[in-house]
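Understanding the architecture of this molecule
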Amino acid sequence: MGPTYWDYLQLDRLLGLQGGVEGDESKLGTDELHFIIVHQAYELWFKLVLRELRTARDELSAPRVPEEKIPHVVHHLGRVTEIMKLLVDQFRVMETLTPQDFLAFRDKLIPASGFQSFQLRELEILLGLDDAERIAYAGADPLEHIRGQAAWGRIEKARAEPTLRSALHDWLYRTPVQGSGPDDAGDDASVKQFVTDYHSALAGANREKTQHLLAALGGDAEAIQARMRDAEASAKRFLFAEDVAAPERARVLRVRAGVLFIESYRELPLLAWPRLLIDSVVELEEQLVIFRSRHARMVERIIGRRVGTGGSSGVDYLDQTARYRVFSELWSVRTLLLAKEHLPELRCVTRKARHRAPARARPPHRADRSGCPRHAPRGPCAAGSGHTKARCGRARAP
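Residues numbered from 1 in each chain as written. Predicted model: local features only at pLDDT ≥ 70, side-chain atom pairs only at ≥ 80, totals over all residues. Heavy atoms only, no water.

1. Some words on helix H9 (residues 187–217)
For H9, with 31 residues, the first-to-last C-alpha span of 44 Å sits near the 45 Å given by 1.5 Å per residue. Note on H9: the residue one or two positions beyond its end, Gly 218, has a positive phi of about 65°. (Helix = DSSP H or I, 4+ residues; strand = E, 2+ residues; numbered from the N terminus. Expected span 1.5 Å × (residues − 1).)

2. Overview of the packing of aromatic side chains
Using the criterion set out here, one finds 12 aromatic pairs in the structure. Aromatic pair Phe 35 and Phe 102: ring centres 5.2 Å apart, planes at 25°, arrangement stacked. You can see Phe 35 sitting in helix H3 (residues 30–60) and its partner Phe 102 sitting in helix H5 (residues 99–103), a full 67 residues away along the chain. For Phe 35, a relative accessible area of 16% corresponds to the buried category. (Phe/Tyr/Trp six-rings, centres within 6.5 Å; stacked < 30°, edge-to-face > 60°. Buried < 20%, exposed > 50% of the residue type's maximum accessible area, 1.4 Å probe, protein only.)

3. Re the layout of surface pockets
One number sums up the size of the second largest pocket: a volume of about 350 Å³. The wall of the second largest pocket is formed by 21 residues, among which Ser 234, Ala 235, Ser 332, Thr 335 and Leu 336 lie closest to the centre. Those elements giving two or more residues to the lining of the second largest pocket turn out to be H9, helix H10 (221–239) and helix H14 (328–332). It is H10 that provides the largest number of residues to the lining of the second largest pocket, a total of seven residues. In terms of residue class, the lining of the second largest pocket is made up of nine nonpolar, five polar and seven charged. (1 Å grid on protein atoms, 1.4 Å probe; cavity = no way out; pocket = protein on both sides within 12 Å on 5 of 7 lines; lining within 4 Å. Points joined across faces, edges and corners; volume = space filled by probe spheres on them. Nonpolar A, V, L, I, M, F, W, Y, C, P; charged D, E, K, R; others polar.)

4. Focus on the pattern of salt bridges
Per the stated rule, a full pass over the model turns up 37 salt bridges. Note that Glu 124 and Arg 292 form a salt bridge whose closest N and O atoms lie 2.8 Å from each other. With Glu 124 in helix H6 (residues 118–127) and Arg 292 in helix H12 (residues 272–303), this residue pair connects regions lying 168 residues apart in the sequence. We classify Arg 292 as buried; its relative accessible area is 8%. (Salt bridge = Lys/Arg side-chain N within 4 Å of Asp/Glu carboxyl O.)

5. Description of the environment of Lys 108
As for its position among the elements, Lys 108 is in the loop between H5 and H6. Exposure remark for Lys 108: the relative accessible area of 33% places this residue in the partly exposed category. It is 8.1 Å that separates the C-alpha atoms of Lys 108 and Val 21, two residues lying 87 residues apart in sequence. Residue contacts for Lys 108: discarding those within four places in its chain leaves Val 21, Glu 22 and Glu 32. At 2.6 Å, the side chain of Lys 108 forms a polar contact with the side chain of Glu 22. (Contact = heavy atoms within 4.5 Å. Polar contact = N/O pair within 3.5 Å; in protein donor to acceptor, adjacent residues only side chain to side chain.)

6. Here we look at a nonpolar patch on the surface
Taken together, the side chains of Trp 6, Leu 14, Leu 15, Leu 17 and Leu 44 present a nonpolar region at the surface, about 500 Å² in accessible area. When you line up the elements, Leu 17 lands in the loop between helix H2 (11–14) and H3. (Patch = residues over 30% accessible without salt bridge, like charges linked within 9 Å, V, L, I, M, F, W, Y side chains within 5 Å. Areas by Shrake-Rupley, 256 points an atom, 1.4 Å probe, with all protein chains shown as cover.)

7. A closer look at the nonpolar core
Note that soluble globular proteins tend to have their nonpolar side chains buried in a common cluster. Counting residues in hydrophobic clusters, the biggest one holds 86 residues, and the most contacted among them are Leu 53 and Leu 277. Non-local contacts of Leu 53, meaning those with residues more than four positions away in its chain, are made with Leu 77, Val 80, Leu 123, Leu 126, Leu 127, Leu 164 and Leu 284. Counting seven residues, the second largest nonpolar core, distinct from the first, contains Leu 143, Ile 146, Ala 151 and Trp 152. (Core = buried A, V, L, I, M, F, W, Y, C linked by side-chain atoms within 4.5 Å.)

Here's what the structure looks like:
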């Protein structure tokens, strides 16, 4: 006879873990049992999120990512996003706990704190949140509150792993820009020319926008012009990676150019999955930001702005964490996107195929959507392979 539902899920063990500090569920009030179950449910979902993120990261970390793998990565990231939406909704269940109900048992939690959720810290590390970006918690390095606990080994292991951010950056670095890949002769010049052309187009679009604003709003022309100049200077720093140390600048510039190229020409056939991948990462982080903000509002509703049981500033600290942006390039580039009529013209670069891809990896022939008059797609190979016959700024994916 096979296992029963009860046996398969090991429910006897699972349902015996709600005893709290006393270790005896019969000594708990209903509100405290509710509090424990809700938080245990969060931790179970975090466990799955970590598995999904590692799977997505591993598939994206390959030196060349086959085209058919990108939908898998998008799928796993999409599942994480749906889990985060569920966790946001779960705060509604927590909010059935009234302030007085919580105060009846809150003090017994000291010094325990939700910040000690090592799985949430592990999730942040795995995504790519740098130690330097962490906001101090109760005056100390946030991870120090976990050091010495049984979970510290997991934190150290996670810190030694590649992150999703680093895997994504490696993939974006390989993105062909105007038909040029990082291994091609003259690639640096080609990428810089694209960025220069884009910056010029952006400056022109901003001049038109400035005139439109002045005509529509009137008022202090110098103030409007100053804001637009500041925006353009900020765009230049981002596009040319002037905000990055010199040794890293060329690589970061190419990563940002890759994001910009995919986002700007996202309707091109071979950018269909790359743009969905970028969208899936942005949506995931958006849900994490919403989770943090919703967490803060739930805490404020139940305990106001008290000092946290772990010694933090409570709601104020939680609100600060909502400013984290792990995938900052994906967010920043949205400020710089141009309408189609302002985009630099795609250049056509024809090269010999270094290797032919397997026939199964090539999609059916389609009409060229690149806007290039010279070349139509000729059965591009698997994304990430770096092989193609004709490249009109988009004939291969990273």
